[in-house]
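Analysis of the macromolecular model
Below, each chain spelled out in residue letters.
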Amino acid sequence: MSENVHAPDLSVNLAGVTLKNPVVAVSGTFGFGREYGEYYDIGRLGAVCVKGITLLPRGGNPPPRVAETPMGMLNSVGLQNPGIDAFLSDELPFLRRFDTAVIANISGNTPEEYARMAEKLGDMVDLIEVNISCPNVKAGGMLFGTDPALAAEVTRAAKRAAGRPVLVKLTPNVTDIAHIALAVKDAGADGISLINTLGGMRIDTETRRPILRMNTGGLSGPAVLPVAIRCVYQVRGLGLPVLGMGGVSTASDAVEMMLAGAHAVGIGSAMFADPYAPMKVLQGLGEFMASHHLTRISELTGGVLPWEA
Ligand SMILES: Cc1cc2nc3c(=O)[nH]c(=O)nc-3n(C[C@H](O)[C@H](O)[C@H](O)COP(=O)(O)O)c2cc1C
C-alpha cells in the first residue's frame, strides 16, 4: 500500500471549483499577491482573492485610512485599485504563474457595472466574488448588500454575464443575514462569502477628531470572529457553498468556521500581524486532521452540533 492512501485530503469544493486546501487569502489584505510572494510560495494557498477591482481605476480614500483597535483594526481604504483592464493585463498574468485558484473581487456603482466587469473577466479567473458589502465607498458597496431586492438585482446582472461561478460577498451590517443570503441564492448566486467588515469608529479624545479621515470605517480582525461564526452558522440551512471569513488567525479558528458551515476559510487582517498566518493555519489544519483521525477536511463543514433551543 502506498503511503499516500492515508495522506489527509485537504481539498475542498467551493461552488463547483476544487481548491487544494480550504485556506484563502481574502480581498484587500493580500494585494495582488506580489508582496506575499516574497515570503512564501503563494501556490500553497487554496485560493487568492484579489483586492477589490472596479471598472475604472480608483485612488481610494484620503489618509488616515487604517486604525488599530483592541483585537482588530478599522479601515477605510475605499477600494483603491488600478481598474479592471490593468488588473487583467498587469496583475492576473503574475498570479496565474502559481498553482492556486484566483478569485476576482469586483465592486460597481450599478448592476450594469458589475455585469461589464464579469464579462471582461470571462473565464480568466476561477471564481468571481461580487462585493456588495464595502462600507467605505459612497455609491454601491454596502447599499446593495443591505437591501435584498438590490442584492438580488446585482447578483442577477453579474450571473448573466459571468463565465465562472459567482460568490456574493455579504455584509454583517444587517438584521437578518439569512434573508439577504436567500435573496442572492434565489437570484442565482453559486455561493456566498461572508463576512465583510463591521461598521466602526474611533475618536481621538484630545483633538475630538475621528481617527479615520472618512470618520467611520470597517472593523476586522480577531474581534469579529464570533460575529463571522454566527453569520456563517445562520446561513448554513440554505445549502449554499460558503467562503467563511472574519477574524480567522489560527487553525482552531478555521476549524470553528468550517464547523459553522464554511466550505473554505478566508484569512485577512491576521496577515498584517503575521504574513505567514495562512501557512501556519494550513499546517495547523493538517495537525488537527491527524490528531482527530480525519481523512477529509471537508468532513468538518457544517459539523457543529447545536444545542436544542
Ligand atoms: C485593509 C482592508 C481592505 C479590504 N478591502 C476589501 C475589498 O477591496 N473588497 C472586499 O470585498 N473586502 C475587503 N476587505 C474585507 C476583507 O476581505 C474581509 O472580509 C474582512 O477584513 C474580514 O476578514 P478578516 O477579519 O480576516 O480581515 C478589506 C479588509 C481590510 C482589512
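As shown above, the structure is provided for reference.
Counting restarts for each chain: residues are numbered from 1 in the order of the written sequence. Local features in this predicted model are restricted to residues of pLDDT 70 or higher, and side-chain atom pairs are both shown and tallied only at a pLDDT of 80 or more, whereas totals for entire chains, interfaces and linings draw on every residue. To get the side-chain values, all heavy atoms of the structure are used, and hydrogens and water are removed first.

Our focus in this paragraph is the site of the ligand. In these notes, residues near a molecule or strand are those with any non-hydrogen atom within 4 Å of it. Taken together, 22 residues surround the ligand, and among them Ser-27, Lys-169, Gly-221, Gly-247 and Ser-269 come closest. The term polar contact refers here to a pair of N or O atoms within 3.5 Å; inside protein, the definition further demands a hydrogen-donor-capable atom paired with an acceptor-capable atom, and it admits residues adjacent in sequence only when both atoms are side-chain atoms. Gly-221 has a polar backbone atom sitting 2.8 Å from an oxygen atom of the ligand. Here an oxygen atom of the ligand sits 2.7 Å away from a polar atom, N or O, in the main chain of Gly-247. A class-by-class count of the residues in the shell around the ligand yields six nonpolar, 15 polar and one charged. The residue classification treats Ala, Val, Leu, Ile, Met, Phe, Trp, Tyr, Cys and Pro as nonpolar and Asp, Glu, Lys and Arg as charged. All others, Gly included, are polar.

Here the focus is the pairing of strand β10 (residues 191-194). Here's how the labels work: a residue is buried when its accessible area is under 20% of the maximum for its type, exposed when over 50%, partly exposed in between, all with a 1.4 Å probe on protein chains only. Numbering of helices and strands starts at the N terminus; helices are DSSP runs of H or I of at least 4 residues and strands are runs of E of at least 2. Residues Gly-191 and Ser-193 point to one face of β10 and Ile-192 and Leu-194 to the other, with burial holding for every one of them. By the bridge criterion, three bridges tie strand β9 (residues 166-169) to β10 in an arrangement that is parallel. In the strand pairing of β10, Lys-169 is matched with Ser-193. By the criterion used throughout, a crossover qualifies as right-handed when its path from the first strand across the helix to the second strand runs clockwise, the strands pointing away from the viewer. Tracing the backbone out of β9, into helix α5 (residues 177-186) and back to the parallel element β10 gives a crossover that is right-handed. We call two strands paired when DSSP finds no fewer than two bridges between them. Pairing analysis gives three bridges linking β10 to strand β13 (residues 242-244), with the strands arranged parallel. Note on β13: the bridge partner recorded for Ser-193 is Leu-243.

Within the secondary structure, Met-258 is located in helix α7 (residues 251-260). In this structure Met-258 comes out as buried when scored by relative accessible area, which is 0%. The residues contacting Met-258, other than those within four sequence positions of it, are Val-12, Pro-22, His-263, Val-265, Ile-297, Leu-300, Thr-301, Gly-302 and Gly-303. Working rule for contacts: check all heavy atoms of both residues, and any pair within 4.5 Å makes them a contact.

Every buried residue of α5 is listed here: Ile-177, Ile-180, Ala-181, Ala-183 and Val-184. Buried residues in α5, looked at end-on, bunch into an arc of 160°, giving them a common side. Taken together, the buried residues of α5 touch α3 (142-145), α4 (148-161), β9, β10 and α6 (225-234). For α5, the N-terminal capping position is held by Asp-176, with its side-chain oxygen 3.1 Å away from the main-chain nitrogen of Ala-178. Working note: the arc is built from the helix axis to C-beta atom directions.

Moving on, we come to the sheet that holds strand β12 (residues 217-220). With antiparallel pairing, four strands are arranged side by side in an open sheet as β5-β6-β12-β11. Both outer strands of the open sheet, β5 (66-69) and β11 (198-200), are each paired with one neighbouring strand and no more. Across the sheet, the mean angle separating the axes of adjacent strands is 35° when strand polarity is ignored. Note that strand β6 (residues 72-75) and β12 share three bridges and pair antiparallel. The residue of β12 that forms the bridge with Leu-74 is Leu-219. To get an axis, fit a line to the C-alpha atoms, keeping to the stretch in contact for a helix; angles then go from 0 to 180 degrees between the N-to-C directions.

Pairs were defined over the aromatic rings of Phe, Tyr and Trp, the Trp ring being its six-membered one, requiring ring centres within 6.5 Å. Orientation was assigned from the angle between planes: stacked under 30 degrees, edge-to-face over 60, tilted for the rest. One pass over the full model with this rule turns up seven aromatic pairs. Measuring from ring centre to ring centre gives 5.7 Å for Phe-32 and Phe-87, while their planes differ by 35°; the resulting arrangement is tilted. Taken together, the residues span a long stretch of sequence, with Phe-32 in the loop between β3 (23-25) and β4 (47-49) and Phe-87 in helix α1 (residues 84-95) at a distance of 55 residues. Distance and angle both matter: a charge sits over a ring if NZ of Lys or CZ of Arg is within 6 Å of the ring centre and within 35 degrees of the ring normal. Above the ring of Phe-94, the side-chain terminus of Arg-34 is found at 4.5 Å from the ring centroid. Here the guanidinium or amino end of Arg-236 rests over the ring plane of Tyr-233, the centre of that ring lying 3.8 Å away.

Another point: α1. Helical geometry note: an α-helix holds 3.6 residues per turn, so side chains three or four residues apart project in the same direction. Among all positions of α1, only Ile-84, Ala-86, Phe-87, Leu-88, Glu-91, Leu-92, Phe-94 and Leu-95 are buried. Looking at the buried residues of α1, the elements they touch are β4, β7 (101-106) and α2 (111-121).

Function cannot be inferred from these measures alone, as they are strictly geometric.
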